[in-house]
Amino acid sequence: MRGLVFIDEITNVSLPEVQTILFSTVLDKRIAYYKLSSGVEVAAAGNSPRDSPVAQWPPPPLLDRFRLLLRVKPPDPGEWVSWMTPLEGRGIEGSRLCSKPGQT
């Protein structure tokens, strides 16, 4: 069986109990008492501490367990709207997710 376990907001995890679970998931491919199939990969994403006041880098031993670390510059609002506009009407409505300054 192939699959992906995606851990979002990994940079918002500060409780040691949760970090312990992440270590087990990433290194041992185990969630609680369940062992993941060999075809299952674990990926994670989170905001940089420079971009979010609540974000902090996970401990280096946890980061070292990932094969690749990418740092991506977040888009400015104009770039995001340019990317989102062609998607409107296809089930993704950007106008519901953001508004221009002065509009509600």
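Cut-offs applied
- Per chain, residues are indexed from 1 in the order of the written sequence.
- Local features in this predicted model are restricted to residues whose pLDDT is 70 or higher, and side-chain atom pairs enter the listing and the counts only when it is 80 or higher, whereas totals over whole chains, interfaces and linings include all residues.
- Note that water and hydrogens are dropped before the side-chain values are worked out from all heavy atoms of the structure.
- Helix numbering and strand numbering both begin at the N terminus, where a helix is a DSSP run of H or I of at least 4 residues and a strand a DSSP run of E of at least 2.
- Buried, partly exposed and exposed residues are distinguished by accessible area as a fraction of the type maximum, computed with a 1.4 Å probe on protein chains only: under 20%, between the cut-offs, and over 50%, respectively.
- Every residue pair with non-hydrogen atoms within 4.5 Å of one another is taken to be in contact.
- Note on terminology: a nonpolar core comprises buried Ala, Val, Leu, Ile, Met, Phe, Trp, Tyr and Cys residues joined through side-chain atoms within 4.5 Å.
- Expected helix span is computed as 1.5 Å times (number of residues minus one).
- The arc refers to the directions leading from the helix axis to the C-beta atoms.
- pLDDT measures how confident the predictor is about each residue, on a scale from 0 to 100.

**Student:** Looking at this structure, how should I read the overall build of the chain?
**Tutor:** Scanning the chain for helices and strands turns up four helices and four strands. Mapped from its N terminus to its C terminus, the chain presents α and β elements in the order β-α-β-β-β-α-α-α. Out of the 104 residues in the chain, the part that is buried amounts to 21%. For the chain, long-range pairs separated by at least 24 residues make up 59% of all intrachain contacts whose partners lie at least 6 apart in sequence.

**Student:** Explanation requested: the nonpolar core in the structure shown.
**Tutor:** Generally speaking, nonpolar side chains in soluble globular proteins are found buried as a group. Core analysis: the biggest nonpolar cluster contains 11 residues, these being Val 5, Ile 7, Ile 10, Val 13, Leu 22, Val 26, Leu 36, Val 40, Val 42, Leu 62 and Phe 66. The set of elements that each furnish at least two residues to this core consists of β1 (2–8), α1 (16–28) and β4 (39–45).

**Student:** What is the right way to look at α1 in this model?
**Tutor:** Since the α-helix packs 3.6 residues into each turn, any two residues three or four apart lie on the same face. Relative to the 18 Å expected for 13 residues at 1.5 Å per residue, α1 spans 17 Å between its end C-alpha atoms, a close match to the ideal helical length. Taken residue by residue, α1 has Gln 19, Leu 22, Thr 25 and Val 26 as its buried positions. Taken end-on, α1 shows its buried residues confined to a sector of 120°, consistent with a single buried face. Of the exposed residues in α1, those oriented more than 90 degrees away from the buried face are Pro 16, Glu 17, Thr 20 and Ile 21. Contact partners of the buried residues in α1: β1, β2 (30–31), β4 and α2 (60–63). At the exit of α1 stands Lys 29, carrying a positive phi of roughly 50°.

**Student:** Please explain the side chain of Ser 48 as it appears in this structure.
**Tutor:** Structurally, Ser 48 can be placed in the loop between β4 and α2. Excluding residues that lie within four positions of it along the chain, Ser 48 makes contacts with Ala 55 and Trp 57.

**Student:** Please clarify how the confidence of the model for the chain should be interpreted in this entry.
**Tutor:** Should the pLDDT be low somewhere, the predicted coordinates at that spot are not to be read in detail. The pLDDT averaged across the chain works out to 78; a share of 83% of its residues lies at or above 70. Low confidence marks residues 94–99, where pLDDT is under 50. Its contacts with residues over four positions away, or in another chain, come to eight contacts.

**Student:** Hey, could you run me through the environment of Leu 63 in this one?
**Tutor:** If you trace the backbone, Leu 63 turns up in helix α2. Owing to a relative accessible area of 25%, Leu 63 belongs among the partly exposed residues under this scheme. Sequence-wise, Leu 63 and Phe 23 are 40 residues apart; in three dimensions their C-alpha atoms are separated by 9.5 Å. Apart from residues lying up to four places away in sequence, Leu 63 is in contact with Trp 57 and Pro 58.

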